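Structural overview
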Amino acid sequence: EDQVTQSPEALRLQEGESSSLNCSYTVSGLRGLFWYRQDPGKGPEFLFTLYSAGEEKEKERLKATLTKKESFLHITAPKPEDSATYLCAVQASGANSKLTFGKGITLSVRP
Amino acid sequence: NAGVTQTPKFRVLKTGQSMTLLCAQDMNHEYMYWYRQDPGMGLRLIHYSVGEGTTAKGEVPDGYNVSRLKKQNFLLGLESAAPSQTSVYFCASSFIKRGGLNEQFFGPGTRLTVL
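All of the points below concern the structure found in this document. (Residues numbered from 1 in each chain as written. Chains lettered and ligands numbered in written order. Predicted model: local features only at pLDDT ≥ 70, side-chain atom pairs only at ≥ 80, totals over all residues. Heavy atoms only, no water.)

A few points about the interface of chain B and chain A
- On the side of chain A, 21 residues touch chain B, which itself brings 23 residues to the contact.
- Across the interface of chain B and chain A, roughly 1,700 Å² is buried in total on both sides, 58% from carbon and sulfur atoms.
- Joining chain B to chain A, the criterion identifies seven residue pairs in polar contact (both at pLDDT 80 or more).
- Elements supplying a minimum of two residues to the side of chain B that touches chain A: strand 4 (31–38), strand 5 (42–49), strand 9 (87–96) and strand 10 (102–106) of chain B.
- Its residues placed into classes, the side of chain B that touches chain A shows 14 nonpolar, eight polar and one charged. (Contact = heavy atoms within 4.5 Å. Buried area = accessible area lost by both parts, 1.4 Å probe. Polar contact = N/O pair within 3.5 Å; in protein donor to acceptor, adjacent residues only side chain to side chain. Helix = DSSP H or I, 4+ residues; strand = E, 2+ residues; numbered from the N terminus. Nonpolar A, V, L, I, M, F, W, Y, C, P; charged D, E, K, R; others polar.)

Right, dumping it as structure tokens:
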């Protein structure tokens, strides 16, 4: 059974204080790993797709990286508007149609 | 492009009542999904469809039915609502990219309360 564990459950940062969010996964062959951002009362918003160990993707203050066992979402010099819940999901090699989601990490950035 | 839209945004039902949630997408995606999101549980797949006229069960299908009569629409039905179905429901759609990657795009959600 595919499993995704995200840590920590919640993270509070001061504006400008860089940190990383972790997504550990167990899957029978990884086809892809996805990061989403979810604001309160909204649907998840797609951020990144990673599919190969060593791959990195960047968008503004966010950088996602992938190893064979986990992915990190690095946040550099965060701003209050980066406050949100960040979701990680994996797609197994044999599964064209389904993703397995983690429970999410709630990030709060204080001004 | 509106992307993925969901109707209604909020709904309150009494136990035993029925209702249908509508999801529509204008991206010509083949695949569509219904998830529920509960505190501490993450997103859980209820049912999904890999094309018009097809449906399949996900992780938590009991108490729900779905239909995909048109490619752009995916309906989620609750025949006899129960308090355990109080949740936020999200619809998503996707197409399979090169390499088999399934990037899903989500709607804004429907908040359902069953009393």
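Picking up after the structure, the text goes on.
Concerning the pattern of salt bridges
Residues and elements named next belong to chain B.
- Evaluation of the coordinates by the stated rule reveals eight salt bridges over all chains.
- Among the salt bridges present, the one from R36 reaches D38, with a minimum N-O distance of 2.8 Å.
- With a relative accessible area of 9%, R36 lands in the buried category.
- A relative accessible area of 13% means that D38 is categorised as buried.
- Among the charged side chains, a salt-bridge network with shared partners connects R36, D38 and R44. (Salt bridge = Lys/Arg side-chain N within 4 Å of Asp/Glu carboxyl O. Buried < 20%, exposed > 50% of the residue type's maximum accessible area, 1.4 Å probe, protein only.)

What to know about the sheet that holds strand 3 (residues 19–26) of chain A
Residue and element names in this part refer to chain A.
- With respect to topology, five strands assemble into an open sheet ordered 1-3-8-7-6, the strand pairing being antiparallel. Every interior strand has two partners, whereas the edge strands, strand 1 (3–7) and strand 6 (56–59), have only one. Taken pair by pair, the neighbouring strands of this sheet meet at an average axis angle of 15°, ignoring direction.
- The pairing of strand 1 with strand 3 spans five bridges and is classified as antiparallel. Of the residues in strand 3, the one forming a bridge with T5 is S24. (Pairing = 2+ DSSP bridges. Axes fitted to C-alpha atoms, helices over the stretch in contact; angles between N-to-C directions.)

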